[in-house]
Amino acid sequence: MAHDKVKARLAELGLELPVAAIPVAAYVPAARDGKLVFTAGQLPTVDGKISKTGKVGSDVTVEEAYELAKICGLNVLAALALVCDLDEVKQIVKTVGFVNSAPGFTNQAGVVNGASELFINVFGEAGRAARCRRGRGSFRALRHSDCGGEQTRAIILAVPMLEGGGPREVAAAARREQ
């Protein structure tokens, strides 16, 4: 899969498509069903390491969290690239963001904009999606054993719709690549 247009657009934005994260449990980074692709939640990891830890509104500023959500968005694109050509994305259908928030923090939308605006900048209006964002006080499953602190500001999921490419076409393409 080439991803040429998306890679060129990312380069114009001063960004690069990262390598998809390796799953840490029994799941896949992305799964395709016909024209829909569902991604697993993505953390703000760069080169396999969480970029920053803490809660937005106490340990992490909204501006920092926005940039971390953008990293999550890049990681979504990397996960998508495992199962489809990014140049085939017709529409990002829905973006969901979970933000690790301090008590009283209410600007989760401003954080998740980091991923949403990335998708719009990469795909144009096709990147503008329905969206849900949640503030969470704790991500127990994501607690880092070494530092005991929360590991994430935002977990971003995206559901894109692709041009063409139902299950039969995907299977045929996979056979051709072997």
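On a predicted model such as this, the values are computed, not experimentally measured, just so you know.

**Q** Describe the pattern of salt bridges, with residues and values.
**A** One pass over the full model with this rule turns up 4 salt bridges. For Lys 52, the salt bridge goes to Glu 64, with nearest N and O atoms at 3.2 Å. Taken as a pair, Lys 52 in the loop between β4 (49-50) and α2 (62-81) and Glu 64 in helix α2 lie far apart in primary sequence, 12 residues in all. Residue class for Lys 52 comes out partly exposed when judged on its relative accessible area of 29%. Here Glu 67 and Lys 70 are joined by a salt bridge, their closest N and O atoms 3.5 Å apart. Separated by 3 residues within a single helix, Glu 67 and Lys 70 lie in helix α2, roughly one turn from each other.

**Q** Summarise the nonpolar core; cite the residues concerned and give the values.
**A** Among the nonpolar cores identified, the biggest contains 23 residues, and Leu 10, Leu 77 and Phe 123 are the most heavily contacted of them. Of all elements in the fold, only α1 (4-12), α2, β5 (89-100) and α3 (108-123) reach the threshold of two or more residues within this core. Top contributing element to this core by residue count: α2, with 7 residues. For Leu 10, the contacting residues outside a window of four places in its chain are Leu 15, Glu 16, Leu 17, Leu 74, Leu 77, Leu 118 and Val 122. Counting 9 residues, the second-largest nonpolar core is a separate cluster that includes Ala 65, Val 99, Phe 105 and Val 112.

**Q** I'd love a proper account of the packing of α1 against α3, names of residues and values included.
**A** Their axes nearest at 9 Å, the elements α1 and α3 cross at an angle of 115°. Along this stretch, α1 crosses α3, giving a crossing that reads as right-handed. Listed contacts from α3 to Val 6, Arg 9 and Leu 10 of α1 are Leu 118, Asn 121, Val 122 and Phe 123. For the contact of α1 with α3, the residue count by class is 5 nonpolar, 1 polar and 1 charged.

**Q** So what's going on with a nonpolar patch on the surface? Which residues, and what values?
**A** Together, Leu 36, Phe 38 and Val 93 line one region of the surface with nonpolar side chains, adding up to about 230 Å² of accessible area. According to the relative accessible area criterion, Leu 36 is partly exposed, its value standing at 31%.

**Q** Can you break down α2 residue by residue, with the values?
**A** In a regular helix each residue adds 1.5 Å, so 20 residues correspond to 28 Å; α2 covers 29 Å between its end C-alpha atoms and thus fits that length. Most of α2 sits out of view: 14 of its 20 residues are buried.

**Q** Break down the side chain of Gln 108 for me, with residues and values.
**A** In this fold, Gln 108 is placed in helix α3. Within the structure, the side chain of Gln 108 is placed 2.9 Å from the side chain of Ser 101, a separation counted as a polar contact. What Gln 108 contacts, discounting residues up to four positions off in sequence, is Val 99, Ser 101, Arg 133, Arg 134 and Gly 135.

Parameters and conventions
Residues numbered from 1 in each chain as written. Predicted model: local features only at pLDDT ≥ 70, side-chain atom pairs only at ≥ 80, totals over all residues. Heavy atoms only, no water. Salt bridge = Lys/Arg side-chain N within 4 Å of Asp/Glu carboxyl O. Helix = DSSP H or I, 4+ residues; strand = E, 2+ residues; numbered from the N terminus. Buried < 20%, exposed > 50% of the residue type's maximum accessible area, 1.4 Å probe, protein only. Core = buried A, V, L, I, M, F, W, Y, C linked by side-chain atoms within 4.5 Å. Contact = heavy atoms within 4.5 Å. Axes fitted to C-alpha atoms, helices over the stretch in contact; angles between N-to-C directions. Left-handed = near helix turned anticlockwise from the far one by under 90°. Nonpolar A, V, L, I, M, F, W, Y, C, P; charged D, E, K, R; others polar. Patch = residues over 30% accessible without salt bridge, like charges linked within 9 Å, V, L, I, M, F, W, Y side chains within 5 Å. Areas by Shrake-Rupley, 256 points an atom, 1.4 Å probe, with all protein chains shown as cover. Expected span 1.5 Å × (residues − 1). Polar contact = N/O pair within 3.5 Å; in protein donor to acceptor, adjacent residues only side chain to side chain.

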